[in-house]
Amino acid sequence: MPSDTTLDTTPLNHGSPTTEDPIPTPSPHPMSQPYAPLQPNHDNENSDEEEEEKEEGEEDDFVAEEKHVGQCKMCKEGIYSFHMSYYECKDCHDDYSLHKFCAEMPKTLQNHPSHPHPDHNLTLSKDSFWTYDPKLIEWTCSVCNLMQKELFNYICDICGINMDIICATITMSQQKMDHPSHPHQLQRMPKESVSRCSACGEKHQGTFYQCTMCLWYSIHLDCALLPAKLLIQQPTDATFTHSHPLTLAYSFPQVDYASKYYPKCRVCKKHFDSYLWLYKCDKCQYYAHINCATSKREPFMSIFLHPGSGKTYKNFKDDDYPNLLHCPFPDESYNLLRHYYFIKNKKEFITMIKEEEHGGEMLNHFSHQHPLILLDTQQASLGNKSIVLHNPMKKIQVLCDGCLKPIMEMPFYKCSEINSCGFVLHEWCARLPSKIHDLPGHPQHALVLMSNNPHQLLRLFFCHICRLPGNSFAYGCTACEYYVDINCAFLPKEIIHGAHPGHLLSRINASSADVSKKICNSCRCYLENCNIAFHCPSCDFYLDTECALLLPGMMRHKFDKHPLSPRYNPVENHPGDYFCEICEDQFNPKKWFYHCSCCAQSMHPACAPLILECERHVYAKYDRGVFCYVNVKFGGTVEIKRLHPHRLSFLQGIQSHGLCKVCTKELQYDMIFKCLECEYSVHYDCASSIVN
């Protein structure tokens, strides 16, 4: 308060009126002593010790979003927690309350900073200098220039000016607050204004509190009154919900922000500014902007917000898409070919199974030199050998030579030369069409079904759609040297995925200039790595073909006794960092991963598949969403006399294999040929370059 300001410190009489008191009495009853039921909450978050001390079944405490207990009858503003104390009339039934500083306001002011005339006194009154008609008590404040009505003010009888009590007390620095977000005291600004709030970063109109020492720091009244803890039990704006209380944090430390892989708001999917406030969950890696968590954004601004990944409203009818492909597939044995076979040939397939329940049908397939026999559920053995299905938990690998997916059920085709050949085919892979036309990416020529690539060792090829190596069946155009694996050859026009429920994802050309720089929402890789992708145009959601079709919805791994399921966001009740149980590397939870809630174990998608060779660490080199060799079947042998006198086995390189005998580079993680009789090892690419 300025030293040259003189106050008549006689407090207002809020009891019985006197003839000498010209001020209308606010209340005919005595006011109770000031008390402070609304203490500000300075605890930003519960400590770990407090969490441990909570009794079983006790619910988390949270501050309900009740901003005030009433309205001051003098200044017509709310009574908030930072006011610390207030007066209340116990006898009035209309909740009569006064701010402490309003109730103790002096009758007269002398030498006020906003009216510095030594001979002019300002007198507190509910009337105006110009208007004494009770029905027309409107006046304009000489400080803020706002029109007021039925509000106490200070009047200068000589100059005829009116000053509302808010402006009068602010000028005298009486309205202040201590807020836990800032080390200095905050003072209310003299006038309502439109300014950017230092708490949320948004522009607000209204009352601001500013630090008198840090002039850059000012927060809007709404942000100053945000609850320290916010419990969202119901979906907010039909987009998100969270089961734990969210704690108000006044910054996101840059070190923590970087260590958490620069998380985005779980509502609007935008990044955070480290100096702005946010709501966070102390039990999960769940963060939200304060405006998003409280749904305080202006409704018309929603059209400018980046779409979130929460609840989406279904934009299609099931009747219009009876055969719509639902991803992810149930498990790793399911694939696109099986889906099409059962959908398009269901009646034919059922009829065939009933007619051939005895099994034993012989098939001469172009891909194999021996006849194939159909094994059904009635056959327990073939010859002197029992029928074995794929079981990675027992390290038994049975992969279809057509699609390289596990064979985990019957019927399926197996080579009749049971003692000398292990060739197997799914029922649907044995009945693929010999040609396909108008494939996306290569519409000019028909593609022919082939069991090998005539130009490469062990029929290996690179799919032009998913860009993954493979030695499965393929559809190819030898004239253009264009090859696609048999799954990518039948990509549907629309799919639906569990990571983006309710919205159709349409097939797009990912090689176009405007799409290639987009990022897959699963692996966070650019779409330029593939030719075909899936896109939700209304949400700008992208998935490349490998993440959409090659990551199953459930898988089992020999390192975990429970099934693993894909997670598209950080897991609840997982406050720490995420480490892969296979490769032991820390990973980004914004990328998809597999998780077991029972064991709290997490795995990279590239480390989790059950193809036995992939149990070795490959993620460090191939930052892909799936195991890089998911379409490659290892284990075959080849004889290359120009390279080595012994037969070479086709393997995935590990650290103990050392260096390539041709290029002298490390063999680990790559496709290699290794001699089982000596220490000779070579990269697949190096061997191919010598042969070709």
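All values derive from a computational prediction rather than experimental measurement.

Enquirer: Is there a simple way to think about helix α11 (residues 684-691) in this case?
Expert: Structural remark: α-helix, 3.6 residues per turn; residues separated by three or four positions point the same way. Buried within α11 are the following residues: Tyr 684, Cys 686, Ala 687 and Ser 688. Residues of α11 that are buried in the fold lie against β44 (648-652), β45 (671-675) and β46 (681-683).

Enquirer: How should I be thinking about the side chain of Ser 125 in this particular structure?
Expert: Structurally, the position occupied by Ser 125 is in strand β7 (residues 121-125). Note on Ser 125: relative accessible area 12%, which makes it buried.

Enquirer: How should the sheet that holds strand β30 (residues 447-450) be read in this particular structure?
Expert: Hydrogen bonds between backbone groups are what pair the strands of a sheet, and the pairing can be parallel or antiparallel. Strand order in the open sheet formed by four strands is β29-β30-β33-β34, with antiparallel pairing between adjacent strands. Each end of this open sheet is capped by a strand with a single partner; those strands are β29 (435-436) and β34 (482-485). As paired strands, β30 and strand β33 (residues 474-477) are joined by three bridges and run antiparallel to one another. Bridged to Leu 449 within β33 is Tyr 475.

Enquirer: Just to check I follow, could you spell out the state of the cysteines for this structure?
Expert: Defined simply, a disulfide is a covalent bond joining two cysteines at their sulfur atoms. For the structure on display, the rule yields zero disulfides. Of the cysteine sulfurs around Cys 200, a residue in no disulfide, the closest is that of Cys 223, at 3.8 Å. We classify Cys 200 as buried; its relative accessible area is 11%. In this structure Cys 429 is not part of a disulfide, and its nearest cysteine sulfur, from Cys 403, lies 3.7 Å away.

Enquirer: Mind showing me how you'd approach the nonpolar core here?
Expert: Soluble globular proteins tend to pack their nonpolar side chains together in the buried interior. Leu 425, Ile 465, Tyr 475, Val 484, Ile 486 and Phe 673 are the most contacted members of the largest nonpolar core, which has 111 residues in total. Ala 199, Leu 221, Leu 226 and Trp 277 belong to the second-largest nonpolar core, a separate cluster that totals 39 residues.

Enquirer: What should I look at first to understand the environment of Leu 527 in this one?
Expert: Secondary-structure assignment places Leu 527 in the loop between α9 (513-516) and β37 (532-536). Separated by 16 residues in sequence, Leu 527 and Leu 543 place their C-alpha atoms 8.3 Å apart. Aside from chain neighbours lying at most four places away, what touches Leu 527 is Ala 510, Val 515, Ser 516, Lys 518, Cys 520, Ala 533, Tyr 542 and Asp 544.

Enquirer: Looking at this model, I keep getting lost on the sheet that holds strand β35 (residues 494-497). Mind explaining?
Expert: Taken in spatial order, the five strands make up an open sheet running β22-β35-β36-β37-β38, and their pairing is mixed. Each of the sheet's edge strands pairs with one partner strand only, and the pair in question is β22 (325-327) and β38 (541-544). Direction aside, the axes of adjacent strands within the sheet are offset by 40 degrees on average. Bridge count for β22 against β35 is three bridges, and the pairing is parallel. Directly across from Cys 327, in β35, lies its bridge partner His 497.

What counts and how
- Residues numbered from 1 in each chain as written.
- Predicted model: local features only at pLDDT ≥ 70, side-chain atom pairs only at ≥ 80, totals over all residues.
- Heavy atoms only, no water.
- Buried < 20%, exposed > 50% of the residue type's maximum accessible area, 1.4 Å probe, protein only.
- Helix = DSSP H or I, 4+ residues; strand = E, 2+ residues; numbered from the N terminus.
- Contact = heavy atoms within 4.5 Å.
- Pairing = 2+ DSSP bridges.
- Disulfide = S-S within 2.5 Å.
- Core = buried A, V, L, I, M, F, W, Y, C linked by side-chain atoms within 4.5 Å.
- Axes fitted to C-alpha atoms, helices over the stretch in contact; angles between N-to-C directions.

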